[in-house]
Every structure is written in structure tokens, then in C-alpha cells.
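Structural characterization, general
The lines below spell out each chain.
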Amino acid sequence: MPLYGGTALDGVYEAAHAGGYGFIASNITHPEIAYGLLAGAEASNTDLVLQVKRDTLEYLGRGNVANGLDVVGTSLDALAGDVGVFLNVDHVDATDEELRQIVTAHSAPASIMIDASDRPFDENVAETRTLVEEVRAAGDALVEAELGTIAGTESGQTTTDAAYTDPAEAVAFVQQTGCDLLAVSIGTEHGVAAGRDLELRIGLAEEIDTALRAAGLDVPLVVHGSSGLSADQIAALLETGVCKLNVNTRYQYEYARTAAVFYREHATAILPPADVDDDRERLFGDADWAPDRAVFDPRVLGREVRERIATVHVELASIAGSRGRSRCT
Ligand code: 13P
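Residues numbered from 1 in each chain as written. Predicted model: local features only at pLDDT ≥ 70, side-chain atom pairs only at ≥ 80, totals over all residues. Heavy atoms only, no water.

1. Observations regarding the site of the ligand
Among the 15 residues in the neighbourhood of the ligand, the closest are listed as Asp90, Gly191, Ser227, Asn248 and Thr249. One of the backbone nitrogen or oxygen atoms of Ser226 is found 3.3 Å away from an oxygen atom of the ligand. At a separation of 3.1 Å, an oxygen atom of the ligand approaches a polar side-chain atom of Asn246. Coverage of the ligand by the protein chains reaches 100% of its 300 Å² of free accessible surface. Counting atoms within 2 Å of the grid points, the majority share of the ligand lands in the largest cavity. The set of elements that each furnish at least two residues to the shell around the ligand consists of strand S3 (85-93), strand S9 (189-190) and strand S11 (242-247). Classifying every residue of the shell around the ligand gives 1 nonpolar, 11 polar and 3 charged. (Near = heavy atom within 4 Å. Polar contact = N/O pair within 3.5 Å; in protein donor to acceptor, adjacent residues only side chain to side chain. Areas by Shrake-Rupley, 256 points an atom, 1.4 Å probe, with all protein chains shown as cover. 1 Å grid on protein atoms, 1.4 Å probe; cavity = no way out; pocket = protein on both sides within 12 Å on 5 of 7 lines; lining within 4 Å. Sits in = over half its atoms within 2 Å of the grid points. Helix = DSSP H or I, 4+ residues; strand = E, 2+ residues; numbered from the N terminus. Nonpolar A, V, L, I, M, F, W, Y, C, P; charged D, E, K, R; others polar.)

2. Points about the layout of surface pockets
The calculated volume of the largest pocket comes to roughly 570 Å³. As for the largest pocket, its lining consists of 21 residues, and the residues nearest its centre are His91, Asp93, Asp115, Glu154 and Gln157. For the lining of the largest pocket, the secondary structure elements donating two or more residues are helix H3 (54-60), S3, strand S6 (151-154) and strand S7 (157-159). Per element, the largest residue contribution to the lining of the largest pocket is 3 residues, and it comes from S6. Residues of the lining of the largest pocket, tallied by class, amount to 2 nonpolar, 9 polar and 10 charged. Considering only enclosed or pocket space, the second largest pocket measures out at about 190 Å³ in volume. Across the lining of the second largest pocket, the residue classes tally to 10 nonpolar, 3 polar and no charged. (Points joined across faces, edges and corners; volume = space filled by probe spheres on them.)

3. Quick notes on the side chain of Asn124
Tracing the backbone shows Asn124 in helix H6 (residues 121-138). Asn124 gets classed as buried once you look at its relative accessible area, which sits at 1%. Among residues more than four places away in sequence, those in contact with Asn124 are Ala116, Ser117, Arg119, Glu146, Leu147 and Phe173. (Buried < 20%, exposed > 50% of the residue type's maximum accessible area, 1.4 Å probe, protein only. Contact = heavy atoms within 4.5 Å.)

4. Thoughts on unusual backbone geometry
The phi angle at Arg62 is positive, at roughly 50 degrees, despite the residue not being glycine. If you trace the backbone, Arg62 turns up in the loop between H3 and helix H4 (65-79). Phi angles above zero are rare outside glycine, and His91 is one such case at about 50 degrees. Relative to the helices and strands, His91 is located in strand S3.

5. Brief notes about the packing of aromatic side chains
Remark: the centre distance and the inter-plane angle together describe each pair of aromatic rings, the angle taken between the planes. Applying the stated rule across the entire model yields 6 aromatic pairs. Geometrically, the ring pair formed by Tyr13 and Phe23 is edge-to-face, given 6.2 Å between the ring centres and 80 degrees between the ring planes. Highlighted residues: Tyr13 in helix H1 (residues 6-19) and Phe23 in strand S1 (residues 23-27), separated in sequence by 10 residues. We note that Tyr13, like Phe23, is buried. The interplanar angle of 80 degrees and the centroid separation of 5.3 Å between the aromatic rings of Phe262 and Tyr263 together place this pair among those described as edge-to-face. Linked through ring pairs, Tyr13, Tyr21 and Phe23 together constitute an aromatic cluster. The ring of Tyr164 is capped by Arg201, whose NZ or CZ atom sits 3.6 Å from the centre of that ring. Taking the ring centre of Tyr35 as reference, the NZ or CZ of Arg306 above it sits at 4.0 Å. (Phe/Tyr/Trp six-rings, centres within 6.5 Å; stacked < 30°, edge-to-face > 60°. Lys NZ or Arg CZ within 6 Å of the ring centre and 35° of its normal.)

In C-alpha cells, the structure reads:
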């Protein structure tokens, strides 16, 4: 199946918003993570929202974001299986004209997230509305915008002060921008939150959802910084109009952890003993010891990473309630 577009994604979120469940929107920072997520989504029959940010597009495009988006779009078109697979471009900085133009003109993204949340309210509105107009003129992609400031580290940028989203401002923001999804700041944090001192305000998400619905605005809420939320916290958030929970750091950790355990267990099959010459050129042809290809073939670790990511995604999709509910099969 090819990637699905914004019209199908709109239907997927609408059903989730009405039905009180949500989606784990999963950042792909490495191909093995994407392969694992595709397998996990198929195993649990959930539609799948995958996300990339500028840094991943640069990484995959060898420094060129347009090439990176082509690589991601073409690969996912070829690999997406029996469930709906959607691509969101995450955290497009409002000042990043190059990226804005590339993602708006490209057919792969089903949604684009504009981030002008560090600007004053009026500037955030103006930047978001401009992108909404650009995206509407170009095709059917949805626009996610952010109001309030989420703390933590994302793409190497650290934000220390969180500013919780105000419900009345959220209504005015959606009315003035026409955005399709609203990312709110309710006390989650991007990255690894060691010594977390933020307070998760689930009631605030409910207040924002109630205010939006009262104003006749059917806008799913998005929670960034969802790695590290417990199953109970996610379940409580799903009761409040949250339909998209962004997860990146968890998968990166699972990848690294799987690799660390694998290479620690198999170190002696890869690294020569102290008394053997480090003769990589001849692949240790003169020694009694030889490295074990059944271990050092990178696909051996790759398969373990895929399996672990798939397992984690199945667990998260169950918690989010999207398991067994693919609308695109
Ligand atoms: P985490 O760092 O908690 O995984 O959040 C990722 C995120 O919000 C991406 O937009």
C-alpha cells in the first residue's frame, strides 16, 4: 500500500476523537526503527502515524532535507503494508522557509506540524495561519500547531521553562488559525526527564477539550513528550480529547539498549582476544581465532532491534486503544 494522505488521516483522527482512543505518533530516527514500527502496526492492526523532523531528513538525505523527504516518502510508499501508514513532518520551525516550502510541495506528508510556540500569541497565530493557507492551497495535508511551551530537549535544543496552555487562548488560537490538530503543553517533557519537576495536568487537557467543543471546534489534542508516560496516565489523557501522543525518545532508548546488550553478550565473537594480532586487513586469516559472521552481520542486530521496536509499539498501541482498529485495511 502507498502512504495515505490528509483526507484519510482526518477520518482516522475523527473516529479516534469521537471514540475516545488515540494514536502513538512515532518518530523515525533510523531505518530499523521504521521497519520495527511497520511490523508492530501490522501485528496489532492499527493505523500508523510516523514522524520525521528536520534532523532526520538531513540524516537520511546526507545533509539535504529534500532528498531526505524523497527517501522517506519513496521507502514508506514501497514498504507500507496492510494498515494505513501516514507521514507527519514534526516541528517545522516557523522561520525555516526552506523546510516549509519542501514539505508543503511534497506529496508524502499527510500532516505537517508548524512550531511557532516560542513566539508571542499573535505571532504564533500569524505564522500558523500562513502555513495553514499554504498547505490548503497545495493539497489535503492536515496542519498541527502548538500553543504553550513544552520543556525538555528536542533535536539538541533545550527548553527549560514550560508554559501551560490556556484553554481560552486555545479556542481563540484554533478559531484564528484554522489548524486541524492542537499540541498543548500540560506538563510533559521532550527527551529523558531525569529528576522531572513538572506537574502533569490531565485536568487541563480536559478543560481545553471542553472549551474547544463548546465553541463548536472538533480538534483532536496532541501531547508531545509522551515517552515516559505510564499506561494509566495515557489512559487518563485519552478521556480528555487527546488523540495523538508523540513518542521518540523511547524508541531511541530501546534501539540503543538492544544494541548494548547484544554487543556486550557477543563481544568475544567480534573483538579479537588480547594475544591475537588486530589484522583486520586479512580478516585474521593467519590467526587461530576468527570473528563470527553469524554475529557481526549487521542484519543480526537489525532484526533484534526491529523485533523490540515492534513489541514496544504493539504495547503502546494497545494502551492508546488503536490496536485492532485500522480503518484503512
Ligand atoms: P519524547 O521525547 O518524549 O519521545 O517526545 C517526542 C516528541 O514529542 C516529538 O514531537
